[in-house]
Amino acid sequence: MLIINRIFRCILLSSLILGFVGCSVSGKKERNYPQQNWVVLDINSTKNLDDLSFLAKHKGKFVLQLVSNDIVEAAVSNIEVNGQKLHEKLQLKYTIESGYVYEFSDPITLQAQTHYPLSLSTSINVKQIRIVPHRSNPIGTGKYYNQWLNMHQSPEKQQALGWFKDARFGMFIHWGLYSQAGGIWKGTKIEDSPYPGPRVAEWLMSTFRIPRAEYQQLASTFNPDKSFAQNFAQLAKKAGMKYLVITSKHHDGFALYDSAVSDYDIVDATPYQGDLIKELYDACLSEGIEFGIYYSHGNDWFDGTDGNYANVKKQNDKLGIYTHAQGKNLWDPSSNTHAEYLSNKAYPQIKELLTLLPKLRLIWFDGDGFITEKQAFEFYKLVYDINPNVLVSRRVGYQFGDYLDAGDNVIPSASEKMEKQWETVGTTNNSWGFKAYDDDWKSTKELLYYFIDILSKGGNYLLNIGPDGKGKIPHQSAQRLTEMGQWIGTNSDAIFGTTRWDISYEGANETLLSGTGHRAKSGFNRQFTHRDFWFTAKQNKVYAISLMPPQDNIEILSLGKGSGHIDAVRLLGSTQKLSWKQTDHALVIDARDWQKAENGFAVEIIFK
């Protein structure tokens, strides 16, 4: 056996059907773990199989594991799944009842209902290969799917989704007790905290591991200026935004409205006289801005104990899978159970907010990490039963959201087709909550680029501001949003009520965002050219958007004769008659007498 362990074996898996609720493999013994909806294949008798594959039934990220009866050290292993290659010296990761588990660090990405070849070479004497959903990709049993689908497809939900699809641009606001600290605790910047965790300002309590009683003292000095509501709503309107979403309760557990089920709120715990959420709701409606709330249902560092971490980890350890602790209060958890937190605070507060805000448009749930499939469904159903017109975001859990978010400061590729209407949430600097010393502000042109890139792919842009403890918006944020609003006012026809066209963009390659930390680390160095255009569509119209001042002659290659017969061309924001021609390879427009707008232009192309 020792000799075998030192010899690389090549194992090609045969006919593995990955249903994650069961599979069928001829001649092979399988086991099903319904708790996690993944399967394993026994391969201890498999030798020298060629040209074989498995069928993945679900999409998303997955972790590859090898199970053996033997303990080995630093086993060099190579695995490839349809061109996704992983090379690693594997160490023993878990000990479970059926053997020893070795795990590749990086996940692979699979598409649903797709066949994949898989090859493995390793010195481990493998008896099983397991393909396990990544922690960010929980897969449910499907038990509640039909009930959810009936609600999701209701006339009320579909009408709300129609509004959301047309709205395109919204304001996100992260505001709470943490806003007073500005990313600094007892003189130490959050980047210099001795503990791991996100370095964004709203994670202050977690990243510094501040005891609940000590953090709670911030409430005694939280006293915003009464002008905040009008200022927020008016800035959103000036920026051309159609909706606004604010943190009614972030992970720290503090509510910005008057809650009957908790004294840890703006009315009972602070000197402020009023209800922040209700005041902002009223101000938004008076300005014609639709209103939404963010609510952290899975994480609550004040009342949510350890976020159910201990219970989940105990089960996961038996199965040999990872339990992610980020976002869970393991330093000073409350003494109640997580189930009690849900019953006594989270569910009741959702009811309160829906009652307080009868014209609420959406609830942006967050912190779903250890929320169960049943609990995620119960949150969705609770919202629907009280007000079926309210949309529910993806992070309620287990794909029960009415719409998707691509991730924090994440923009998907044009080649990625989203299954539902979606949005990207983004920041104007590198923090969501107010961080006094973060001066890495994105320029107006950079923010416009992200916006039109998202538009061209069919998404919405929910752009964040982080007011300070008094409710003052950083002037850099306000300035950029105001400048975006000027551009949007001129080019609104290319934005609102549009859809994705056959082609998203032409010119230079995409500059994709892959997360808040990615932009903070790499900066933004893209150079725009006159050849770069992004496209949106509306009925028989296509809009071509540029971020550069026009040259004398504009050529748009995607609008040659092959795109259809063009009837008219209009410069948005102008009434002047244009001179243009459609050739075999491009639409050519004479722009010699156009105004040279710094942030570019948009043209409307009408097809016969």
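Whatever comes next refers back to the structure up there.
Cut-off values and rules
- Residues numbered from 1 in each chain as written.
- Predicted model: local features only at pLDDT ≥ 70, side-chain atom pairs only at ≥ 80, totals over all residues.
- Heavy atoms only, no water.
- Axes fitted to C-alpha atoms, helices over the stretch in contact; angles between N-to-C directions.
- Helix = DSSP H or I, 4+ residues; strand = E, 2+ residues; numbered from the N terminus.
- Parallel < 35°, antiparallel > 145°, perpendicular 65-115°, else oblique.
- Left-handed = near helix turned anticlockwise from the far one by under 90°.
- Contact = heavy atoms within 4.5 Å.
- Nonpolar A, V, L, I, M, F, W, Y, C, P; charged D, E, K, R; others polar.
- Buried < 20%, exposed > 50% of the residue type's maximum accessible area, 1.4 Å probe, protein only.
- Pairing = 2+ DSSP bridges.

1. Thoughts on the packing of helix H10 (residues 338–356) against helix H11 (residues 373–386)
- Relative to each other, H10 and H11 sit at 30°, their axes nearing to 9 Å. One way to sum up the angle between H10 and H11 is to call them roughly parallel. The two elements H10 and H11 cross, and the hand of that crossing is right-handed. Judged by residue contacts, Leu 342, Ala 346, Tyr 347, Ile 350, Lys 351 and Leu 354 of H10 engage Gln 375, Glu 378, Phe 379, Leu 382, Val 383 and Ile 386 from H11.
- Residue composition of the contact of H10 with H11, by class: nine nonpolar, one polar and two charged.

2. Quick word on unusual backbone geometry
- One non-glycine residue with positive phi stands out, namely Asn 82, at about 50°.
- Within the secondary structure, Asn 82 sits in the loop between strand E7 (75–81) and strand E8 (84–90).

3. Section: the environment of Ile 554
- Topologically, Ile 554 is positioned in strand E27 (residues 553–556).
- Overall, Ile 554 belongs to the buried group, its relative accessible area being 4%.
- Expressed as a C-alpha distance, the spacing of Ile 554 and Arg 531, which sit 23 residues apart in the sequence, is 8.5 Å.

4. A few points about the packing of helix H12 (residues 444–456) against helix H13 (residues 475–491)
- At their nearest, the axes of H12 and H13 sit 9 Å apart, and the two run at 55° to each other. It follows from the interaxial angle that H12 and H13 lie oblique. The two elements H12 and H13 meet at a crossing, and its hand is right-handed. Within the contact between the two elements, H12 uses Thr 444, Leu 447, Leu 448, Phe 451 and Ile 452 and H13 uses Arg 480, Glu 483, Met 484, Trp 487 and Ile 488.
- Looking at the contact of H12 with H13, its residues break down into seven nonpolar, one polar and two charged.

5. Here we look at the sheet that holds strand E30 (residues 587–590)
- What the three strands build is an open sheet, ordered E27-E30-E29; its pairing is antiparallel. Of all strands in the sheet, those with a lone pairing partner are E27 and strand E29 (579–582), marking the two edges. Mean inter-strand twist for the sheet, computed between neighbouring axes without regard to direction, equals 15°.

6. Side note on the pairing of E7
- The alternating pattern of E7 places Ala 75, Ser 77, Ile 79 and Val 81 on a buried face and Val 76, Asn 78 and Glu 80 on a face that is not buried.
- The hairpin formed by E7 and E8 contains two residues between the paired strands, and Asn 82 there has a positive phi angle of roughly 50°.
- Direction of pairing for E7 relative to strand E12 (residues 114–122): antiparallel, over a ladder of five bridges. Looking across to E12, one finds that Ser 77 is bridged to Thr 122.

7. Quick look at the pairing of E29
- Sheet analysis places E29 next to E30, joined by four bridges and oriented antiparallel. Residue pairing in the sheet places Trp 580 in a bridge with Ile 589 of E30.
- Counted along the chain from E29 to the antiparallel partner E30, the turn is four residues long.

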